[in-house]
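Each chain, letter by letter, is given below.
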Amino acid sequence: EAAFARFNRFKAIADKVRPSAAPLSDPDSLSVSVIIPAFREAETVLAAIRHAKTNIHIEAGVEFIVSVVDDLTAARLQDSALEVTVVRSMPGRSAALNAGAAVAGGDVLLFLHADCKLPRYWDLEVRAAVCREGVVGGAFAFDLDLPSHAKSPALRALVAS
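Residues numbered from 1 in each chain as written. Predicted model: local features only at pLDDT ≥ 70, side-chain atom pairs only at ≥ 80, totals over all residues. Heavy atoms only, no water.

Quick word on the side chain of Ser80
Among the secondary structure elements, Ser80 is positioned in the loop between helix H3 (71-79) and strand E3 (85-88). You can call Ser80 buried: its relative accessible area is 13%. Among the polar contacts listed, one links the side chain of Ser80 to the backbone nitrogen of Leu82, at a separation of 3.4 Å. (Helix = DSSP H or I, 4+ residues; strand = E, 2+ residues; numbered from the N terminus. Buried < 20%, exposed > 50% of the residue type's maximum accessible area, 1.4 Å probe, protein only. Polar contact = N/O pair within 3.5 Å; in protein donor to acceptor, adjacent residues only side chain to side chain.)

So this is what it looks like as structure tokens:
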């Protein structure tokens, strides 16, 4: 019975992510909310948003929401020239993600860490992926930027695999 309840919760989420009103054959009609949790990292968040906007194909229908805990980050983001919605949150990653999701207007929610960079034309990939039959979520592959002098053999082995 608990598994059935979990399934119904996931189905409700899937229905929000891919509403029946949006035809599966028209990914351009889907809007995307990029949600970034932040705590004391205004410059990193701003860099992530600038990078995402530089690598976007169709900016229409994409909103950026930053869920912040601290006053300094909130002030810096609100003073920036970038179009970004700033939401106050309780401490903790899950609280921040939930606060951002609560105000998101997009058909698709993209949760992004501030120190991650989205690939070129990421918006096309997201919209196309969500339109595939049976897809309710996903993730981009990632790589780590390590200095050439990284000393940890375990970390080098992890990155190499």
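Next comes the rest of the write-up.
Considerations on the environment of Cys116
Mapped onto the elements, Cys116 comes out in the loop between strand E4 (108-111) and helix H5 (122-130). Classification of Cys116 by relative accessible area gives partly exposed; the value is 34%.

Topic: H5
For H5, the full list of buried residues reads Trp122, Asp123, Val126, Arg127 and Val130. Down the axis of H5, the smallest arc covering the buried residues is 130°, so these residues share one side. (Arc of directions from axis to C-beta.)

Thoughts on the pairing of E4
Going residue by residue along E4, you find Val108 and Leu110 tucked away on one face and Leu109 and Phe111 left uncovered on the opposite face. With 4 bridges connecting them, strand E1 (residues 32-38) and E4 associate as parallel partners. Paired with Val34 across the two strands is Leu110, which belongs to E4. (Pairing = 2+ DSSP bridges.)

Points about the nonpolar core
If you look at the biggest cluster of nonpolar residues, it comprises 27 residues, and the most contacted ones within it are Val34, Val66 and Trp122. Elements that contribute at least two residues to this core include exactly E1, helix H2 (42-54), strand E2 (62-68), H3, E4 and H5. With sequence-adjacent residues up to four places away left out, Trp122 is seen in contact with Val32, Val34, Ala52, Asn55, Ile56, Val62, Phe64, Leu110 and Phe140. (Core = buried A, V, L, I, M, F, W, Y, C linked by side-chain atoms within 4.5 Å. Contact = heavy atoms within 4.5 Å.)

Some details on the sheet that holds E4
Overall, parallel pairing links the 4 strands, which are arranged E3-E2-E1-E4 in an open sheet. Both outer strands of the open sheet, E3 and E4, are each paired with one neighbouring strand and no more. Adjacent strand axes in the sheet meet at a mean angle of 25° when their direction is disregarded. Here E1 runs beside E2; their pairing, made up of 7 bridges, is parallel. Opposite Val32, over in E2, you have Val62 as the bridge partner. Packed onto the sheet, H2 meets E1 and E2 and runs at close to 170° relative to E2. Sheet contacts for H3: E1, E2 and E3; angle to E3, the most-contacted strand, approximately 165°. (Axes fitted to C-alpha atoms, helices over the stretch in contact; angles between N-to-C directions.)

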